[in-house]
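Listed here are the chains, written in short residue letters.
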Amino acid sequence: MATGPAWAAGVRAEVVSAAQAYLGTPYRLAYGWTCGRAAVDCECLNRHAIWDGTYAATGRGLQLNYWLQGQINQGRRTTSPRPGDLIFWDTDPHDGIRYGGDLDHTGVYVGNNRAIDANAYYGYVKYDSITLGGTEPDPIFVDVLTPNGY
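Bear in mind the structure is a predicted one, so any value in this text is a computation, not a measurement.

Visitor: Is there a simple way to think about helix H1 (residues 5-20) in this case?
Guide: Working note: α-helix, 3.6 residues per turn, so residues spaced by three or four point in the same direction. Along its 16 residues, H1 runs 22 Å from first to last C-alpha, staying within 8% of the 22 Å computed at 1.5 Å per residue. If you check which residues of H1 are buried, you get Trp 7, Ala 8, Val 11, Arg 12, Val 15, Val 16, Ala 18 and Ala 19. Looking at the packing, one finds that the buried side of H1 touches helix H2 (42-58), strand S3 (105-111), strand S4 (114-119) and strand S6 (140-143).

Set out below in structure tokens:
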């Protein structure tokens, strides 16, 4: 398999393209491995975008865990996000656990301070700012591609 910066950028571009293919898809909460493709929740969107993008670019897809903390654990946190990284928010101010295991929302970072997420509030997959319109000023970014050989 090829390697190097140009190859990695191509993989990341395919992940972003895969996430974009879900724009407008209805939101549907799914648990565990039950998510489909006709309607997705935020974890499912990540799983499909990473699998579809890595498969399109390399012929081997990266399978993400089905829950948010598991997806975080498959990568490494980064303060310099690149397109194709995952973004996580703690949107519940009342749960008392700031990124300590009770994350509430996730999406795919696409660059230019934008993400694509399956948004329950709006009911579909859409572009969002990395701060969810200013409500979440400190998201975390996780690179799952580089640590897994992409």
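Visitor: Please explain the packing of aromatic side chains as it appears in this structure.
Guide: Aromatic rings considered in pairs are described by the distance between their centres and by the relative angle of their planes. On inspection of all chains with the given rule, the structure shows four aromatic pairs. Judged by centre distance (5.4 Å) and plane angle (80°), the ring pair of Tyr 109 and Phe 141 falls under edge-to-face. In this pair, Tyr 109 sits in strand S3 while Phe 141 sits in strand S6, placing the two residues 32 residues apart along the sequence. Where Tyr 122 meets Tyr 124, the ring centres are 6.4 Å apart and the plane angle is 65°; that geometry is what we call edge-to-face. Residue classification places Tyr 122 among the partly exposed positions, given a relative accessible area of 46%. An aromatic cluster of three or more residues is present, and its members are Tyr 121, Tyr 122 and Tyr 124. Residue placement shows Arg 60 over the ring face of Tyr 150; its charged tip is 4.2 Å from the ring centre.

About the thresholds
Residues numbered from 1 in each chain as written. Predicted model: local features only at pLDDT ≥ 70, side-chain atom pairs only at ≥ 80, totals over all residues. Heavy atoms only, no water. Helix = DSSP H or I, 4+ residues; strand = E, 2+ residues; numbered from the N terminus. Expected span 1.5 Å × (residues − 1). Buried < 20%, exposed > 50% of the residue type's maximum accessible area, 1.4 Å probe, protein only. Contact = heavy atoms within 4.5 Å. Phe/Tyr/Trp six-rings, centres within 6.5 Å; stacked < 30°, edge-to-face > 60°. Lys NZ or Arg CZ within 6 Å of the ring centre and 35° of its normal.

These figures capture arrangement, not role.
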